[in-house]
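Here is how the chains run, residue by residue.
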Amino acid sequence: MISKKMEKMVANSSAIRAMFEEGSRLANLYGAENVFDFSLGNPNVPAPEAVKKAVKELLDNEDPVVLHGYTNSNAGYEDVRQAVAESLNERFGTAFAAKNIIMTVGAAGGLNVILKALINPGDEVIVFAPYFGEYRSYVDNYDGALVETSPDTETFQPKLNEFEEKITPRTRAVIVNTPNNPTGVVYSEETIRKMAEIMEKKQKEYGTDIYLISDEPYRELAYDGIEVPYLTKYYANTIVGYSYSKSLSLPGERIGYLVIPDEAADSADLAAAANVATRILGFVNAPTLQQKIVKACLNEKTDISFYDRNREKLYGGLTELGFECIRPEGAFYLFVKSPAADEKEFCAAAKKYNILIVPGSSFGCPGYVRIAYCVAHETIVRSLPKFAELASEYKLKAAR
């Protein structure tokens, strides 16, 4: 018999994954070209050619025993960590070194490592709805309590007045995700500055350390010249979790890193704890081949013009049909207001047209649906007539 905690987690298993599996089933029935699966944020843009070249060169020239072996430190290869630090310093004017970097099994692995290092049972972690639904499970893994701030459905910037009210002496961490999954919104510099001021004030009031955890898998996916603030520059107790899943289109390779700056409270102890957490959570170390690959490809980026083209086509097409949606500034998602009060009902209606989308309640924001546009452009083009039929079913103004 499985554990009580897992019974709950299985019952609430990811709606995103369930919809992705449904997409495979429908593709087998109707043909993949007739199924419009917008459920999973799985990049459809191939990794840069430099990644392929790096793989070949490493396999041909490196000692395979070393290349595929354990790293000396659970934090990862020192030369890789130093290279990551120097790249960040060049880009953001920071002053990191290898000691500030922990290589991780993707951003998800990194979040679990840092939460393991930080949280005592009952500690609170604040998130801003809508938020990546797995945060709830990650916090629950360590018997923490997730505290939600409600969404501002006009701008999808954090509600800072409510945020300030929800900080308590039990608040241990705050997670932000910008560019945001599921809205595509980039939190403004003004928002970040005000958030930092609030957290500084509350730390002094309660005599506690409150860590700001910046979850950044979509940092490189920003459009129209939008700048994404680098949060360590605004608040000392910031920890960054990064992933190469989107920036290099390597989601299945599970490679990323944590940044623990010297300025963060108890930074040396925190880095040591993250190092141990990497081992005791069963990761041991981040994948060694992938560490070497990202070192060779630190200046490479996925061509986001493909995503931008999809963004323009789908956003324009849906808004013309009468759907309501904030224009995304980053990532590769649209967060669309459901024309039905129950967005799950709307998702079920969309499925009749072989359109697969994810309910906003999965992100702590019912009444909306997420559409991932990291798909082939032809999929978007073919889906729009089906979206038009769906709009007609709900008698949307532009569809009449």
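On a predicted model such as this, the values are computed, not experimentally measured, just so you know. (Residues numbered from 1 in each chain as written. Predicted model: local features only at pLDDT ≥ 70, side-chain atom pairs only at ≥ 80, totals over all residues. Heavy atoms only, no water.)

### Topic: the overall build of the protein chain
At step 1: A tally of regular secondary structure across the protein chain gives 15 helices and 12 strands.
At step 2: Once the C-alpha set of the protein chain is aligned to its principal axes, its extents read approximately 60 × 55 × 55 Å.
At step 3: Within the protein chain, the proportion of its 400 residues that are buried is 55%.
At step 4: The contacts of the protein chain with a sequence gap of at least 6 include a subset with a gap of at least 24, amounting to 74%.
At step 5: Accessible surface, the protein chain: about 17,400 Å² in total, of which carbon and sulfur atoms supply 49%.
At step 6: One way to put it: in the protein chain the 44 positive side-chain charges average out to a point 4 Å from where the 54 negative ones average out. (Helix = DSSP H or I, 4+ residues; strand = E, 2+ residues; numbered from the N terminus. Buried < 20%, exposed > 50% of the residue type's maximum accessible area, 1.4 Å probe, protein only. Contact = heavy atoms within 4.5 Å. Areas by Shrake-Rupley, 256 points an atom, 1.4 Å probe, with all protein chains shown as cover. Lys, Arg positive; Asp, Glu negative; His and termini not counted. Charge placed at Lys NZ, Arg CZ, Asp CG, Glu CD.)

### Some thoughts on the nonpolar core
At step 1: In terms of nonpolar packing, the biggest core is built from 39 residues, with Leu318, Phe323 and Phe387 touching the most fellow members.
At step 2: Looking at this core, the elements with two or more residues in it are α13 (305-320), β9 (333-337), α14 (343-351), β12 (368-372) and α15 (377-393).
At step 3: A total of 5 residues in this core trace back to one element, the largest contributor, which is α15.
At step 4: Setting aside residues up to four positions removed in sequence, Phe323 forms contacts with Leu318, Val336, Pro339, Phe346, Phe387, Leu390, Ala391 and Leu396.
At step 5: Within the second largest apolar cluster, 30 residues are counted, among which are Val113, Val139, Tyr211 and Ala265. (Core = buried A, V, L, I, M, F, W, Y, C linked by side-chain atoms within 4.5 Å.)

### Details of the environment of Lys395
At step 1: Relative to the assigned elements, Lys395 resides in the segment after α15.
At step 2: Sequence separation of Lys395 and Lys8 is 387 residues, and the distance between their C-alpha atoms is 38 Å.

### Comments concerning a nonpolar patch on the surface
At step 1: On the surface, Ile2, Met6 and Val10 cluster together into a nonpolar patch covering about 270 Å² of accessible area.
At step 2: Along the chain, the position of Val10 falls in helix α1 (residues 4-11). (Patch = residues over 30% accessible without salt bridge, like charges linked within 9 Å, V, L, I, M, F, W, Y side chains within 5 Å. Salt bridge = Lys/Arg side-chain N within 4 Å of Asp/Glu carboxyl O.)

### A short note on the packing of helix α5 (residues 78-92) against helix α12 (residues 288-296)
Angle between the axes and distance between the axes are the two parameters that describe a pair of packed helices.
At step 1: The N-to-C vectors of α5 and α12 enclose an angle of 35 degrees; their axes lie 9 Å apart at closest approach. For the pair α5 and α12, the sense of crossing is left-handed. Seen from α5, the contacting residues are Asp79, Val80 and Ala83; seen from α12, they are Gln291, Lys292 and Lys295.
At step 2: Of the residues in the contact of α5 with α12, the class split is 2 nonpolar, 1 polar and 3 charged. (Axes fitted to C-alpha atoms, helices over the stretch in contact; angles between N-to-C directions. Left-handed = near helix turned anticlockwise from the far one by under 90°. Nonpolar A, V, L, I, M, F, W, Y, C, P; charged D, E, K, R; others polar.)

### Thoughts on the side chain of Thr149
At step 1: Within the secondary structure, Thr149 sits in strand β4 (residues 145-149).
At step 2: Look past the residues within four positions of Thr149 in its chain and what remains in contact with it is Ile126, Val127, Phe128, Ala129, Glu162, Phe163 and Lys166.

### A closer look at the environment of Ala391
At step 1: Mapped onto the fold, Ala391 is located in helix α15.
At step 2: By relative accessible area, which is 0% here, Ala391 ends up buried.
At step 3: Once the C-alpha coordinates of Ala391 and Leu334 are considered, the two residues, 57 residues apart in sequence, prove to be 16 Å apart.

### Remarks on the packing of aromatic side chains
At step 1: Summed over all chains, the structure comprises 19 aromatic pairs.
At step 2: Ring plane angle 70 degrees and centroid distance 5.1 Å describe the contact between Phe332 and Tyr333, whose orientation is recorded as edge-to-face.
At step 3: Each member of the aromatic cluster is reached from another via a ring pair, and the members are Phe38, Phe323, Phe346, Phe387 and Tyr394.
At step 4: A cation over a ring is seen here: Lys292 above Tyr77, with NZ or CZ 4.3 Å from the ring centre. (Phe/Tyr/Trp six-rings, centres within 6.5 Å; stacked < 30°, edge-to-face > 60°. Lys NZ or Arg CZ within 6 Å of the ring centre and 35° of its normal.)

### Things to note about the pairing of strand β7 (residues 238-243)
At step 1: Where burial is concerned, most of β7 is hidden: 6 out of the 6 residues are buried.
At step 2: Burial along β7 is two-sided: the residues Thr238, Val240 and Tyr242 and Ile239, Gly241 and Ser243 are all buried.
At step 3: Here 5 bridges tie strand β6 (residues 211-216) to β7, and the two strands are oriented parallel to one another. Counterpart to Leu212 in the pairing with β7 is Thr238. (Pairing = 2+ DSSP bridges.)

### Details of empty space enclosed by the protein
At step 1: Counted by the stated rule, this structure contains 3 cavities of 30 Å³ or more.
At step 2: In this structure, the largest cavity is lined by 17 residues; those nearest its centre are Arg91, Glu220, Tyr242, Tyr244 and Leu298.
At step 3: At the level of secondary structure, the elements contributing two or more residues to the lining of the largest cavity comprise α5 and α10 (244-247).
At step 4: Broken down by class, the residue content of the lining of the largest cavity amounts to 10 nonpolar, 2 polar and 5 charged. (1 Å grid on protein atoms, 1.4 Å probe; cavity = no way out; pocket = protein on both sides within 12 Å on 5 of 7 lines; lining within 4 Å. Points joined across faces, edges and corners; volume = space filled by probe spheres on them.)

### What to know about helix α3 (residues 49-61)
At step 1: The terminal C-alpha atoms of α3 lie 18 Å apart, and with 13 residues this matches the ideal 18 Å at 1.5 Å per residue to within 8%.
At step 2: Among the residues of α3, those classed as buried are Val51, Ala54 and Leu58. Each buried residue of α3 sits inside an arc of 60 degrees when the element is viewed along its axis, so together they form one side. Pointing more than 90 degrees away from the buried face of α3 are the exposed residues Glu49, Lys53, Lys56 and Asp60.
At step 3: In this structure, the buried residues of α3 make contact with α4 (64-67) and α12. (Expected span 1.5 Å × (residues − 1). Arc of directions from axis to C-beta.)

These figures capture arrangement, not role.
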